[in-house]
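Listed below, chain by chain, are the residues.
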Amino acid sequence: MPTRVRRNPKDARRMILEAASKLLAAGGPAAVQVRAVAAEIGITDAAVNHHFGTRDRLLESLLRFGGTKLKAELHAVLSMWTDGPVDPAELVRALSALYADGYAELALALHQSGWRDTGGGLLDEVVDRLHAQARQQCAAEGRTPPPREAIQLTMAGLHQAVAMDPLFGDDFRRSVGLDTTARDRMLDWWIEILRTTIAGHGPRVAAVPARRA
């Protein structure tokens, strides 16, 4: 009889979420069933339920797990920006890769079920680093750097585009006569838009009027 392996709750939850993430990438949210997750790592359904309670809570935890993975990948990208000019290409591709692994469908499914994400600031550090690079680059060239909000707006638009692309990207591209092969070119276009904004050549951002007391 095989010896039962005891894991601490943190390790057990991580293993379950990694298995769920694998199923999500392969078959979307519908593939993330308690029984399938349990079978993936050789535990019982009850063990999965012990750590997450219900499938809905498992899916919510899986979405947060995706956010944690994305943060780790973004930190890895930021760590490469210590020397020389910033190139946002890897940043854009890291964002795109996460949502292509099923997290776009998962976020939509949870949203439709009534769940709402109350968190924020996922890309704050990225915006700060890009703005610092813009100030440095423009100062070296004797130009006025873009306001931080210009980079915020560009990153918000980029994030929205790559998050929704697995769901609706092909439909929007077909609406203007592009086929599915244009996806990578569109990602390259976003990279150039971000580079243009950092260089201070993006569209001007209107000043926000002060609020009256």
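Keep in mind the model is a prediction, meaning the values are calculated, not measured.

Cut-offs and rules
Position labels on residues start from 1 in each chain and follow its written sequence. Whole-chain, interface and lining totals are the exception, using all residues; otherwise, since this is a predicted model, local features are given only for residues with pLDDT of at least 70 and side-chain atom pairs are given and counted only at 80 or more. The side-chain figures draw on all heavy atoms in the structure; neither hydrogens nor water molecules are used. Only DSSP runs of H or I with at least four residues qualify as helices, and only runs of E with at least two residues qualify as strands; both kinds are numbered from the N terminus onward. Think of it in three bands: with a 1.4 Å probe and only protein chains considered, a residue is buried below 20% of the maximum accessible area for its type, exposed above 50%, and partly exposed in between. The contact definition used throughout considers only heavy atoms, calling two residues in contact when any of these lie within 4.5 Å. Note that accessible areas follow from Shrake-Rupley with a 1.4 Å probe, and for residues the cover is restricted to the protein chains shown. Note on charges: Lys and Arg go in the positive column, Asp and Glu in the negative column, and His and the chain ends are not counted at all. A single reference atom marks each charge: NZ on Lys, CZ on Arg, CG on Asp, CD on Glu. Salt bridge, as used here: a side-chain nitrogen of Lys or Arg that lies within 4 Å of a carboxyl oxygen of Asp or Glu. Within 6.5 Å between ring centres, the rings of Phe, Tyr and Trp (the latter by its six-membered ring) count as paired, and their orientation is classed by plane angle as stacked under 30 degrees, edge-to-face over 60, tilted in between. Note on definitions: angles span 0 to 180 degrees between N-to-C directions of axes, and those axes are lines fitted to C-alpha atoms, for helices only across the stretch in contact. Roughly parallel means an angle under 35 degrees; roughly antiparallel, over 145; roughly perpendicular, 65 to 115; everything else is oblique. Between the first and last residue of a helix there are one fewer steps than residues, each counted as 1.5 Å, and that sum is the expected span. By arc we mean the arc of the directions from the helix axis to the C-beta atoms, nothing more.

A. Quick peek at the overall build of the protein. Scanning the protein for helices and strands turns up 8 helices and 0 strands. Ordered by position in the sequence, the α and β elements of the protein form the string α-α-α-α-α-α-α-α. Viewed in the frame of its principal axes, the protein has a C-alpha envelope of about 75 × 45 × 40 Å. Evaluated residue by residue, the protein yields a buried proportion of 34% over its 213 residues. The contacts of the protein with a sequence gap of at least 6 include a subset with a gap of at least 24, amounting to 71%. Total accessible area on the protein is roughly 13100 Å²; 54% of this is exposed by carbon and sulfur atoms. Of note, the protein has its 27 positive side-chain charges centred 6 Å away from the centre of its 25 negative side-chain charges.

B. Spatial organisation of the pattern of salt bridges. In the structure shown here, the tally under the stated rule is 14 salt bridges. Taking the shortest distance from any N to any O, the salt bridge between D165 and R173 comes out at 2.8 Å. Judged by its relative accessible area of 14%, D165 is buried. For R173, a relative accessible area of 3% gives the class buried. Between D165 and R183 there is a salt bridge, with its nearest N and O atoms 3.1 Å apart.

C. Expanded view of the packing of aromatic side chains. All chains considered together, the criterion is met by 1 aromatic pair. Ring centres of W189 and W190 lie 5.2 Å apart, and the angle between their planes is 75 degrees; this geometry places the pair in the edge-to-face category.

D. Seen up close, the packing of helix α7 (residues 148–174) against helix α8 (residues 183–198). It is at 11 Å that the axes of α7 and α8 come closest, and there the two elements cross at 175 degrees. Relative to α8, the element α7 lies roughly antiparallel. Contacts between α7 and α8 pair A150, I151, T154, M155, G157, L158, A161, V162, D165 and R173 from the former with R183, M186, L187, W190, I193, L194 and T197 from the latter.

E. Examining α7 more closely. Here α7 contains 27 residues, and its C-alpha end-to-end distance of 34 Å is more than 12% below the 39 Å for a straight helix at 1.5 Å per residue. Every buried residue of α7 is accounted for by A150, I151, T154, M155, L158, H159, V162, A163, D165, G169 and R173. Buried residues along α7 sit in contact with α5 (89–112), α6 (124–140) and α8.

F. Looking closely at α6. Between the first and last C-alpha of α6 there are 25 Å, a value that for 17 residues agrees with the 24 Å anticipated at 1.5 Å per step. Listed in full, the buried residues belonging to α6 are V126, V127, L130, H131, Q133, A134 and C138. All buried residues of α6 fall inside an arc of 160 degrees around its axis, so they share one side. Structural note: α6 exposes Q136, A139 and A140 on the side pointing more than 90 degrees away from its buried face. Of the surrounding elements, those touching the buried residues of α6 are α4 (55–79), α5, α7 and α8.

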